[in-house]
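Survey of secondary and tertiary structure
If you want the building blocks of each chain, they are given just below.
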Amino acid sequence: YAKQRGKNRVERYQKHYDELLRRHSVLENELRHAIERRQLRLVFQPVVALPSVRPVGAEALLRWHHPDLGAVRPDEFIPVAEESGLIGMLGSWVLDQACAQLARWLATGHDVWVSVNLSPKELHAADYAGQVAAVLEKYGVPPQRLVLEVTEHAVATDMDELIRRLVELRSTGVRIALDDFGAGYSSLGQLRNLPVDILKIDHALVAEPESRTGTAAPLVDVVVRLGHRLGLEVLAEGIGTSAQREIVEEAGCRLGQGSLFGWGVPAEHLEAQLRTVRTPGSRPAPQPRNRP
Ligand code: C2E
Ligand code: MG
Ligand code: MG
Ligand code: MG
C-alpha cells in the first residue's frame, strides 16, 4: 500500500513538473513574438507625495495580454524572459515606451517622473548605461526624470560588480531606486554601500494584516528612519488601506504607492489625476527635442 501511494505521489509530481515545463516553453515561444504582435503594453501606477497625496511620479508596469493564454502576470513571464535571454529585448522595449510616455507628459506640463523596473540581467548587459543615455537623448528627457528600479535580488549577486554598474548608470543622471527592500535578500549593512537614491519599502512590510498592525508599525518606522539617515528618499509600496497609510505617514515617509491611491492604469487614465495637480505658475517642463 505505502509503496503504491508513494508511486502515485511521484507520478503526480512528475505530471505537475511536466506541466510546468510545458507552460514554460509555451510562454517562451509566445513571448518571442509578443512585441511584434502588439500584445504588450505598459500601465502606470501613481506615486504620491505624503501626506498631500499629490501625484509626483508613476511606475511603469508591463502587461502581457495573449489572445489564447489571456493575461499573463509579470511575476510569471519576467522569470521566463530572464531564463530564455528575451529580457534584453523586452527591457529595451519597456524603457523606450516609458521614456516616450514621460516625454509626452513633460511636453504637456506634467511635473512627474517615471520609474522602470530593471532585471539584474539587463543591468549586467554590456553598455546598459549607454543604452539608457541613448533613449533619454532620443526623447529629450532630462535624466533626473527617470528612475530605474533595481530589485533586492540583484544585491544577492556580486556586490562590487553591482556597485560598478550602478555608479555607471547614475553617471547618466538617472536616479536609482532599490525595489522590494525588506523582502529578505539584502542586509542592512549592504545598503550603506549601494549608490541608490530611493528606498522602496516592500509591500510585505507595509501590508501586515490589520489585526497585527502593532507589528508593522515599528518595522516601517525603523526602515524609514534608516533610509532618511542614509540620505535616501523613502517610498512605501503596497499601501492598500488608510490604516497602512497612517503607519507610513507617522513613520515620516514622504512617498507612497499602492491600491489606496490607484493601481496601474493606461497612461491616458492617469492624465486626469496628474492634471488636477498642475499648479498655475509652475515651471513649464522642457519640450522634447525632435530628432530625425
Ligand atoms: P514591483 O516592481 O515591486 O511592482 C509592484 C507590484 O505590486 C505590481 O505588480 C503592482 O501592481 C503591485 N501592487 C501595487 N499596489 C499594490 C497594493 O496596494 N497591494 C498589492 N498587493 N499589490 C500592489 P505587477 O504589476 O504584477 O508586477 C509584479 C512584479 O513584476 C514587479 O514588482 C516587478 O518586479 C516585475 N515587473 C513588472 N513590470 C516589469 C518590467 O517592465 N520589467 C521588469 N524587469 N520587471 C517588471
Ligand atoms: Mg518596482
Ligand atoms: Mg516592489
Ligand atoms: Mg516585486
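One structure accompanies this document, and this report is about it. (Residues numbered from 1 in each chain as written. Chains lettered and ligands numbered in written order. Predicted model: local features only at pLDDT ≥ 70, side-chain atom pairs only at ≥ 80, totals over all residues. Heavy atoms only, no water.)

Points about the coordination of the magnesium ion (ligand 2)
Here the magnesium ion (ligand 2) is held by the protein donor atoms Glu59 (OE), Asn117 (OD1), Glu149 (OE) and Asp179 (OD), which lie 2.0 to 2.2 Å from it. Between consecutive donors of the magnesium ion (ligand 2), the numbers of intervening residues give the motif E-x57-N-x31-E-x29-D. (Donors = N, O, S within 2.8 Å, 3.2 Å for Na, K, Ca; no water.)

Description of the nonpolar core
Grouped together as the largest cluster of nonpolar side chains are 75 residues, with contacts concentrated most on Phe44, Trp105, Val132, Leu146, Leu148 and Leu169. With 12 residues, the single largest contributor to this core is helix α3 (residues 87–107). Each residue touching leucine 169, except ones within four places of it in the same chain, is listed here: Leu118, Leu123, Tyr128, Ala129, Val132, Leu148, Val174 and Ile176. Among the nonpolar cores identified, the runner-up in size contains 9 residues, and Trp113, Val147, Ile198 and Leu255 belong to it. (Core = buried A, V, L, I, M, F, W, Y, C linked by side-chain atoms within 4.5 Å. Buried < 20%, exposed > 50% of the residue type's maximum accessible area, 1.4 Å probe, protein only. Helix = DSSP H or I, 4+ residues; strand = E, 2+ residues; numbered from the N terminus. Contact = heavy atoms within 4.5 Å.)

Here's the deal with the packing of α3 against helix α5 (residues 128–139)
Between α3 and α5, whose axes approach to 9 Å, the crossing angle comes to 30°. When the interaxial angle is binned, α3 and α5 end up roughly parallel. Helix-helix and strand crossings are classified by hand; for α3 and α5 the assignment is right-handed. Judged by residue contacts, Ser92, Leu95, Asp96, Cys99, Ala100 and Ala103 of α3 engage Tyr128, Gln131, Val132, Val135, Leu136, Lys138 and Tyr139 from α5. A class-by-class count of the residues in the contact of α3 with α5 yields 9 nonpolar, 2 polar and 2 charged. (Axes fitted to C-alpha atoms, helices over the stretch in contact; angles between N-to-C directions. Parallel < 35°, antiparallel > 145°, perpendicular 65-115°, else oblique. Left-handed = near helix turned anticlockwise from the far one by under 90°. Nonpolar A, V, L, I, M, F, W, Y, C, P; charged D, E, K, R; others polar.)

Details of a nonpolar patch on the surface
A surface patch of nonpolar side chains, about 340 Å² in accessible area, is lined by Tyr13, Tyr17 and Leu21. Tracing the backbone through its elements, the reader meets tyrosine 17 in helix α1 (residues 2–31). Classification of tyrosine 17 by relative accessible area gives partly exposed; the value is 40%. (Patch = residues over 30% accessible without salt bridge, like charges linked within 9 Å, V, L, I, M, F, W, Y side chains within 5 Å. Areas by Shrake-Rupley, 256 points an atom, 1.4 Å probe, with all protein chains shown as cover. Salt bridge = Lys/Arg side-chain N within 4 Å of Asp/Glu carboxyl O.)

Some details on the packing of aromatic side chains
Applying the stated rule across the entire model yields 3 aromatic pairs. Geometrically, the ring pair formed by tyrosine 13 and tyrosine 17 is stacked, given 6.2 Å between the ring centres and 15° between the ring planes. With tyrosine 13 and tyrosine 17 both in helix α1 and 4 residues apart, the pair spans about one turn of that helix. Residue classification places tyrosine 13 among the exposed residues on the basis of a relative accessible area of 54%. Judged by centre distance (5.5 Å) and plane angle (85°), the ring pair of tryptophan 64 and phenylalanine 77 falls under edge-to-face. You can see tryptophan 64 sitting in strand β2 (residues 54–66) and its partner phenylalanine 77 sitting in helix α2 (residues 74–84), a full 13 residues away along the chain. (Phe/Tyr/Trp six-rings, centres within 6.5 Å; stacked < 30°, edge-to-face > 60°.)

Here's the deal with the side chain of glutamate 237
Within the secondary structure layout, glutamate 237 lies in the loop between β8 (233–236) and α11 (242–250). Take glutamate 237: its relative accessible area is 10%, and that puts it in the buried class. If we ignore the near neighbours within four places in the chain, the residues touching glutamate 237 are Glu59, Asp179, Asp180, Lys200, Ile201, Asp202, His203, Val206 and Gln257.

A few points about the coordination of the magnesium ion (ligand 3)
Note on the magnesium ion (ligand 3): its protein donors are Asp179 (OD), Asp180 (OD), Glu237 (OE) and Glu237 (OE). The metal-donor distances range over 2.0 to 2.4 Å. Every donor residue of the magnesium ion (ligand 3) comes from the same chain, spaced as D-D-x56-E. Between the two metals, the magnesium ion (ligand 3) and the magnesium ion (ligand 2), the spacing is 4.0 Å, and aspartate 179 donates to both. With aspartate 179 in strand β6 (residues 175–181) and glutamate 237 in the loop between β8 and α11, this pair connects stretches of sequence that are 58 residues apart. Across the pair, exposure class does not vary: aspartate 179 and glutamate 237 are buried alike.

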